[in-house]
Every structure is written in C-alpha cells, then in structure tokens.
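Overview (structure and organization)
Each chain is listed here by its residues.
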Amino acid sequence: MTTEEPVIAPSADVDPSAVIGRGTRVWHLAQVREKARTGVSCVLGRGAYVGPGVVLGDNVKLQNYALVYEPAVLEDGVFIGPAAVLTNDLYPRSADTTGRLKRDGDWEALGVEVREGAAVGARAVIVAGRTIGRYALVAAGAVVTRDVPDFALVAGNPARRIGWVGRAGRPLAESPDGGWICPETGERYVEDAGSLAPAETGG
C-alpha cells in the first residue's frame, strides 16, 4: 500500500470533512464534497465532482468532468470515463407541487453502486439506484436504466447486454466447449442462466 501523501491541486475544492486516501491525486477544478471518502491511489480528474458522503474504494479513476452524485458507492478499481454521470433522483423536479424550491431532504437520493473493477465509458449516464456488476463494461454514451450483471458488456439507450468482458476489459470469445475465454489473459468463464463467472480452476 502506498505511503505517499495525497496530492491536491490548488484549484480543487475539497471540503475539510472529506477524507482523501494516501497516494490519491485530485486535479484542477475537481470538487469533493463534505464527508466524501476516497481510498488509496485514486485519481480525480479535472472538473470531477464527488457528492456528499460518496465512497470511493482504492485505485478508482474518475476522468475529467465525471459527476458522481450522492450516495454513490464505487468499489476498488472502478473507472468512470470523461463526462459520465451517476445520477441520484428517479423523479427530478426543481420545485414541489406548491411551487417551493426543493432542498436537501425534500426528495429521496438513490445512489448508484459500481462494483469492483467495473468501468463506465465516456458520457454514459447511470440512472439513480442502479448497480453495475463486477468487471462489467458500460459503453460510451450508454444510458443504463437497469442493473448490469457481473462481466456484462452493455451499450445503447436504454443499455442492453451485447456481450461479455473479462477482468482485463476485453470482449470474451466463445470457446468450443460452450464457455467463454479472454483473448488477452486466457482466463475462462462459464455462463449460467444469464450470468457469467470465472471457471473453476480446480486443484
């Protein structure tokens, strides 16, 4: 684990109550709100936004102008592409039915959860309350309106599964035995009832 102190650009806005992990870099114009927390060795790109109470695991990357609204949770090794948005309100309105401006506490914030190793492409939108499974890959520009399974490759609006990816992020190829194999690592995966998991290696 790194022992380096975090590096925070002078133009970044980090609330004093936020916790920035060792080795994390917060670049120009990024904003980290109150009680947000990052793990170690994260990268928050230029103009990235991390909402109040958002939790980032270790080795998380938020590319430039990625917006992560509370109460999102991003596990270790998550990648959020440039200008991607993780929303938190299923029924957004500026004002209530009386015409009064809504403020904190006037609506229910539903955070997005992004599981270990998953990646969200540039300008993708994840609707409030959705979960992105482990090592899944959301294509650039996709609009995710339902949960994404582990290792799924999803694209489009609304996003639908168009394939599977392995831990390396490469699309998997179907093997002669009916399973799936990563062309980069050779790792094998098995599909069962619409879900994918690494094959048992045995011993």
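Everything that follows concerns the structure shown earlier in this document.
Residues numbered from 1 in each chain as written. Predicted model: local features only at pLDDT ≥ 70, side-chain atom pairs only at ≥ 80, totals over all residues. Heavy atoms only, no water.

**So, the overall build of the protein chain**
For the record, the criterion: In this description a helix means any DSSP run of H or I spanning at least four residues, a strand means any run of E spanning at least two, and both kinds are numbered starting from the N terminus. Using C-alpha atoms as the atom set, the radius of gyration is obtained and then compared with a globule rule of 2.2 Å times the number of residues to the power 0.38. Between buried and exposed lies partly exposed: a residue is buried under 20% and exposed over 50% of the maximum accessible area for its type, with that area taken using a 1.4 Å probe on protein chains only. Note on contacts: a residue pair qualifies if any of its non-hydrogen atoms lie within 4.5 Å across the two residues. Calculation of accessible area relied on Shrake-Rupley with a 1.4 Å probe; when residues are assessed, cover is drawn exclusively from the protein chains displayed.
Along its length, the protein chain carries zero helices and 24 strands. Here the C-alpha radius of gyration of the protein chain, 18 Å, is about what a compact globule of 203 residues would show, namely 17 Å. Taking the principal axes of its C-alpha atoms as reference, the protein chain extends roughly 60 × 50 × 25 Å. When burial is assessed residue by residue, the protein chain has 36% of its 203 residues classed as buried. Relative to all contacts within the protein chain whose residues are 6 or more apart in sequence, the contacts with residues 24 or more apart total 16%. By element, 51% of the accessible surface of the protein chain is carried by carbon and sulfur atoms, the whole surface being about 10700 Å².

**A few points about the side chain of asparagine 88**
Convention followed: Counting of polar contacts relies on pairs of N or O atoms within 3.5 Å, with two restrictions inside protein: one atom must be capable of donating a hydrogen and the other of accepting it, and residues adjacent in sequence are counted only when both atoms are side-chain atoms.
The residue asparagine 88 is located in the loop between strand E12 (85-86) and strand E13 (113-114) in this model. Judged by relative accessible area, asparagine 88 falls into the buried class, the value being 8%. Among the polar contacts listed, one links the side chain of asparagine 88 to the backbone oxygen of glutamate 70, at a separation of 2.7 Å. Leave out the neighbours within four places in its chain, and asparagine 88 touches Tyr69, Glu70, Trp107, Glu108, Ala109, Leu110 and Ala128.

**Some words on the sheet that holds strand E20 (residues 160-164)**
Here is the rule: In this scheme, strands are said to pair when DSSP sees at least two bridges between them.
Taking strand neighbours across the sheet as the criterion, the nine strands line up as E1-E3-E5-E8-E11-E14-E17-E19-E20 in an open arrangement whose pairing is mixed. Strand pairing shows two members of the sheet lacking a second neighbour, strand E1 (7-8) and E20, which therefore form its edges. Examined bridge by bridge, E1 and strand E3 (residues 25-26) share two bridges and lie parallel to one another. Within E3, the residue paired with valine 7 across the bridge is arginine 25.

**Topic: the pairing of E20**
Relative to E20, strand E19 (residues 152-155) runs antiparallel, the two sharing four bridges. Among the inter-strand pairings, leucine 153 is bridged to a residue of E20, identified as glycine 163.

**Overview of the pairing of strand E24 (residues 195-198)**
As paired elements, strand E23 (residues 188-192) and E24 share four bridges and run antiparallel to each other. Looking at the pairing, glutamate 191 lines up with leucine 196 of E24. Count of turn residues in the E23/E24 antiparallel hairpin: two residues, of which alanine 193 carries a positive phi of about 55 degrees.

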